[in-house]
Amino acid sequence: MFEIFANSIVYPKNIVNYHNKKGGFVFLYILILVVLMSVATIVFFISHKPQIITETTTGCEIVDNNLVCTGENYNVNNSFEMYDFDVHFISETDQISDITNRDVLSIVVQGSTLNVFVGERTINSIEFLTTYDLNSLQEVVSILKYSVIFAGIFLGLLSNTFILIFIILISTIPFMRFKQYISYKKLFKMLTFAATPMAFLFAIYNLINFDMLIFFILMLFAYRSVFTLQREIQFRLINKASGNQMPEQENPDDLKYEDLNDKEEETSDNDDEENQEDE
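Conventions adopted
Residues numbered from 1 in each chain as written. Predicted model: local features only at pLDDT ≥ 70, side-chain atom pairs only at ≥ 80, totals over all residues. Heavy atoms only, no water. Helix = DSSP H or I, 4+ residues; strand = E, 2+ residues; numbered from the N terminus. Buried < 20%, exposed > 50% of the residue type's maximum accessible area, 1.4 Å probe, protein only. Contact = heavy atoms within 4.5 Å. Areas by Shrake-Rupley, 256 points an atom, 1.4 Å probe, with all protein chains shown as cover. Axes fitted to C-alpha atoms, helices over the stretch in contact; angles between N-to-C directions. Left-handed = near helix turned anticlockwise from the far one by under 90°. Nonpolar A, V, L, I, M, F, W, Y, C, P; charged D, E, K, R; others polar. Disulfide = S-S within 2.5 Å. pLDDT = per-residue confidence, 0-100. Patch = residues over 30% accessible without salt bridge, like charges linked within 9 Å, V, L, I, M, F, W, Y side chains within 5 Å. Salt bridge = Lys/Arg side-chain N within 4 Å of Asp/Glu carboxyl O. Pairing = 2+ DSSP bridges. Core = buried A, V, L, I, M, F, W, Y, C linked by side-chain atoms within 4.5 Å. Phe/Tyr/Trp six-rings, centres within 6.5 Å; stacked < 30°, edge-to-face > 60°. Lys NZ or Arg CZ within 6 Å of the ring centre and 35° of its normal.

## Considerations on the overall build of the protein
Point 1. Scanning the protein from terminus to terminus reveals eleven helices and seven strands.
Point 2. Residue burial in the protein is summarised as follows: out of 279 residues, 41% are buried.
Point 3. Taking as baseline every contact in the protein between residues at least 6 positions apart, the subset at least 24 positions apart corresponds to 54%.
Point 4. Per element, the accessible surface of the protein, about 16100 Å² overall, is 57% carbon and sulfur.

Next comes the structure, spelled out in structure tokens:
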């Protein structure tokens, strides 16, 4: 696998040698590329420390699986940062609409209910405290924290999977002219390996977050592996076609890609036979 990774970046024309890799291997390779692209997300959740939330800072406590906010520090506009979310703890006597500083991504705990908002839209609403039988604010914060971490990493992996598959599928378009010689499955495998430099670039961009213009310029260089692969396949097909004297009745569509890698060996064997005849 490391050999494929290295060749896809340094010697992309060698990618054609891996067209017979099994589907399970390709799936594992895609998974590794997705994890590579998601390194920034994983690092963020591991290294970032959310704001400390206590009964004193919120003015709220859990009584009989219900949030009660009667402390002197309680304010309906109190917000606490937890990764990319703003968390609010409000009394049952207040309304969610009373919160004036709610961010785009926000979590509101009221009574026994937890509400997740994206803008003004409610994404999820569950009976959080009664479902998990929580008896202290520390337990609420702990479960909430790990839930946000899990959801954040999962969504990061999922979104990067869609991005990578989209890049691979788009890259197959100029290769469709080779489909009569090479199956789509093999094209997909080779382009998966050719997508390695682009996945590596996404990983760096997500970590450093440099200028978008620089990203697009580097993307052209990362796409070099796809261009090189296309040129190499075309070169081998031309060499194979010109090296075989096919009779007129043979269908050109029967020229299979499996034979392309044998081109150099056949040429070498023919040269040896010619030298023996000369002797």
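## Considering the packing of helix α1 (residues 2-10) against helix α2 (residues 23-37)
Point 1. One way to put it is that α1 packs onto α2 with a least axis distance of 12 Å and a crossing angle of 65°. The crossing of α1 and α2 is right-handed. On α2, the residues that touch I4, F5 and S8 of α1 are F25, Y29, L33 and L36.
Point 2. Tallied by class, the residues present in the contact of α1 with α2 amount to six nonpolar, one polar and no charged.

## Some words on the state of the cysteines
Point 1. In the structure shown here, the tally under the stated rule is one disulfide.
Point 2. The partner cysteine of C60 in its disulfide is C69, sulfur to sulfur 2.1 Å. Between C60 and C69 the disulfide shows an S-S torsion of about 105°. By sign, it is right-handed.
Point 3. For C60, a relative accessible area of 2% corresponds to the buried category.

## Quick look at the environment of S142
Point 1. Looking at the secondary structure, you find S142 in helix α6 (residues 137-171).
Point 2. Note: C-alpha distance between S142 and I53 (89 residues apart in sequence) is 9.8 Å.

## Quick notes on the confidence of the model for the protein
Point 1. Averaged over all residues, the pLDDT of the protein is 82; the fraction at 70 or higher stands at 87%.
Point 2. Counting contacts from residues 245-279, a segment whose pLDDT is below 50, to residues more than four positions away or on other chains yields 26 contacts.

## Points about a nonpolar patch on the surface
Point 1. Taken together, M1, F27, L28, L31, I32 and V35 make up a surface patch of nonpolar side chains, about 530 Å² in accessible area.
Point 2. For V35, the position within the fold is in helix α2.

## Observations concerning the pairing of strand β4 (residues 85-90)
Point 1. Where burial is concerned, most of β4 is hidden: six out of the six residues are buried.
Point 2. Of the two faces of β4, the one carrying F85, V87 and F89 and the one carrying D86, H88 and I90 are both buried.
Point 3. Where strand β3 (residues 80-82) and β4 come together, three bridges link them in antiparallel fashion. The partner of E81 across the bridge, within β4, is D86.
Point 4. With antiparallel pairing between neighbouring strands as the criterion, β3 and β4 make up a hairpin whose turn holds two residues, including Y83 at a positive phi of roughly 60°.
Point 5. Relative to strand β5 (residues 105-110), β4 runs parallel, the two being bridged by five bridges.

## Thoughts on the sheet that holds β5
Backbone-to-backbone hydrogen bonds pair the strands of a sheet. The strands run either parallel or antiparallel.
Point 1. One open sheet accounts for five strands, arranged β3-β4-β5-β6-β7; its pairing is mixed. Here the strands that pair on one side only, and so sit at the sheet edges, are β3 and β7 (121-126). On average, each strand axis in the sheet is inclined to that of its neighbour by 25°, with strand direction left out of account.
Point 2. Relative to β4, α6 is tilted by about 155°, and along the sheet it contacts β3, β4, β5 and β6 (113-118).

## Let's talk about the nonpolar core
Point 1. Within the largest apolar cluster, 37 residues are counted, with the highest numbers of intra-cluster contacts made by L164, F175, M190, M198, L229 and I233.
Point 2. Contributions of two or more residues to this core are made by α2, α6, α7 (184-194), α8 (196-208), α9 (212-222) and α10 (224-243).
Point 3. In this structure L229 touches I15, V16, F175, M190, L191 and A194, once residues within four positions along its chain are discounted.
Point 4. The next biggest cluster of nonpolar side chains, apart from the first, holds 32 residues, and it includes C69, F89, V116 and L134.

## Considering the packing of aromatic side chains
Point 1. With the rule as written, the count across this model stands at 14 aromatic pairs.
Point 2. Measuring from ring centre to ring centre gives 5.6 Å for F215 and F216, while their planes differ by 70°; the resulting arrangement is edge-to-face.
Point 3. Chaining the aromatic ring pairs together yields one cluster made of F202, Y205, F210, F215 and F216.
Point 4. When the ring centre of F117 is taken as origin, the NZ or CZ atom of R102, which lies over that ring, is 4.3 Å away.

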